[in-house]
Amino acid sequence: MMLSFRGSENARELAKPWRFSLTQTYDPMENPTGLISFGLAENRPMRAEIARYINQNVVFTQDSISYRPSAPTAARLPAAAAVHLNNILKPHAPIDPEDILVADCPTSLGSMLGHSLAESGDGILVSRPIYGRFELDYGVESGVKMVYADTTVEEAFSPACVEKYELAFKESSKNIRAVLLVNPHNPVGRCYPVETLKAITRFCNKHNLHLISDEVYASCVFNSGDPEAVPFTSILSLDLAGLIDPNLVHVLYGFSKDFASGGLHLGFLVTKNRQLRQACRTILRLHGASQAAVTIGTVILEDQAFVASFTAKARQSLASAYRFTTSVLNREGINYVKGGNAGFFVYIDLSPYLPRDDYLTPRNREFSLAERLVDAGVFLHPGEEHSRDIGWFRLVFSQEEEILQEGFNRLLSVLRSSK
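Reading guide: rules and limits
Residues numbered from 1 in each chain as written. Predicted model: local features only at pLDDT ≥ 70, side-chain atom pairs only at ≥ 80, totals over all residues. Heavy atoms only, no water. Helix = DSSP H or I, 4+ residues; strand = E, 2+ residues; numbered from the N terminus. Buried < 20%, exposed > 50% of the residue type's maximum accessible area, 1.4 Å probe, protein only. Salt bridge = Lys/Arg side-chain N within 4 Å of Asp/Glu carboxyl O. Core = buried A, V, L, I, M, F, W, Y, C linked by side-chain atoms within 4.5 Å. Domains from an automatic or database assignment. Contact = heavy atoms within 4.5 Å. Buried area = accessible area lost by both parts, 1.4 Å probe. Polar contact = N/O pair within 3.5 Å; in protein donor to acceptor, adjacent residues only side chain to side chain. Nonpolar A, V, L, I, M, F, W, Y, C, P; charged D, E, K, R; others polar.

Account for unusual backbone geometry, with residues named and values stated.
It is generally the case that most residues other than glycine have a negative phi and that most peptide bonds are trans. P129 follows R128 through a cis peptide bond whose omega is 15°. Within the element layout of this structure, P129 appears in the loop between β3 (123-128) and α5 (134-139). Residue N183 is joined to P184 through a cis peptide bond whose omega torsion reads 0°. Positive phi values are uncommon outside glycine, yet A260 reaches one of about 50°. Structurally, A260 can be placed in the loop between β7 (249-254) and β8 (267-271). With relative accessibility at 11%, the residue A260 sits in the buried group. The phi angle at H265 is positive, at roughly 60°, despite the residue not being glycine.

This is the structure in structure tokens:
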């Protein structure tokens, strides 16, 4: 059967090699030969704790399974989310419940923003390396394209990045409608310095561009042991009135990272732009959060004592896993981006281990190494973080230490045989 142009384009996405992450099947007791995935960004060690809390504290009511909750219940989640986001983002202007739109996840909200802020074929500007599936988030339904500013990692976090944004903006054939930031950054694991945030904000103001700040890792900031690591600063903590029209600034947040609850599907758009909220509410018919998820999320966010305790434990777990991971990389002489203190990942350089095959394209050399790793029982996602240079991989370290150790044993066995 013939598909629409959109349908045909989307179907081809599934045919792209290594487009999606492989699922972890390893279990030390039940499936010790299963695959260990260093590709899926979730905080696995914290899942048991959040599941235990939900089982002990959440009571479903008729509202939890209805089409729409009653008015008092419907107001509870935005109010609780406003308290939580004011706590962690420390905004210059307080976030009000009416500034918040609740949807099923930040991924859906990205699609909704693409649909509401741009026309099909328009562009959103982002530096790279960057999380690769934004092409799908903003493109599959809305037809919006990612336009990449080629920066080195150091440039990306410096005010000098604006020069590369200006160049990409000038040279792009797309009508650029917005700049997308990921702060804390995926896949580099760094936070943006205040002066860089201000420079990017001024760039958006100069060209009348929307600024979308994806802050889903806002609480996943930990003590990496590096005294020079940059602390997290939300875009909303700046005095936007002196930099840009606040109606052009939009923040994405969700439960998937900070609460180890990717499967819960609960996300928030924070924006002062009332017209944008209205446009997105229309699309909520397709992307609304389930009332079951709303019930769970409300109970969690109304218990800020639990949130503080959970966040502290998550940060301690991430710090431990990060230090273990970087100690292995340092010992083995594997290059990686230093200065990380956020997120679940380290950005590593495996270019010395790529096959020396002149008949393979540079990208296929990455695919070839990824295939060898999968054969050895460990997965790293090739080519999906859009590095300008070949051979860089995002290694997700948010695993229990014994699983990390086994994964590294498999990874290093392949790398050592590649030299």
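Please give an account of the pattern of salt bridges that cites residues and values.
Under the definition given, this model contains 16 salt bridges. Linking D99 and K272 is a salt bridge whose minimum nitrogen-to-oxygen distance equals 2.7 Å. Taken as a pair, D99 in the loop between α3 (71-89) and β2 (100-103) and K272 in the loop between β8 and α9 (274-287) lie far apart in primary sequence, 173 residues in all. Of the charged contacts in the structure, one is a salt bridge between E195 and K198, with a shortest N-O distance of 3.9 Å.

Summarise the nonpolar core; cite the residues concerned and give the values.
Ranked by size, the top nonpolar core spans 73 residues in total, and within it F268 and I300 carry the most contacts. Of the residues forming this core, the biggest block, 7 residues, is contributed by α3. When residues are assigned to domains, this core turns out to be shared by domain 1 (5-46 + 307-418) and domain 2 (52-305), each giving three or more. I300 has contacts with I50, Y53, I54, F255, F259, F306 and V307, leaving out every residue within four places of it along the chain. Counting 39 residues, the second largest nonpolar core, distinct from the first, contains C220, Y336, L350 and I403.

Can you tell me about the domain arrangement of the protein chain, naming the residues and giving the values?
Domain annotation for the protein chain reports domain 1 (5-46 + 307-418) and domain 2 (52-305). Distance between the C-alpha centres of domain 1 and domain 2: 24 Å. In this complex, domain 1 contributes 36 residues to the contact, which on the side of domain 2 involves 44 residues. Both faces considered, domain 1 and domain 2 share a buried interface measuring about 3,400 Å² in area, 55% of it formed by carbon and sulfur atoms. Its largest share of buried area at the contact with domain 2, domain 1 owes to V307, N341 and H386, together 22% of the area lost on that side. Taken together, the links from domain 1 to domain 2 amount to 0 salt bridges. Inspection of the region where domain 1 meets domain 2 yields 18 residue pairs in polar contact (both at pLDDT 80 or more). A per-element tally of the side of domain 1 that touches domain 2 places helix α11 (residues 304-332) first, with 10 residues. Residue composition of the side of domain 1 that touches domain 2, grouped by class: 16 nonpolar, 11 polar and 9 charged.

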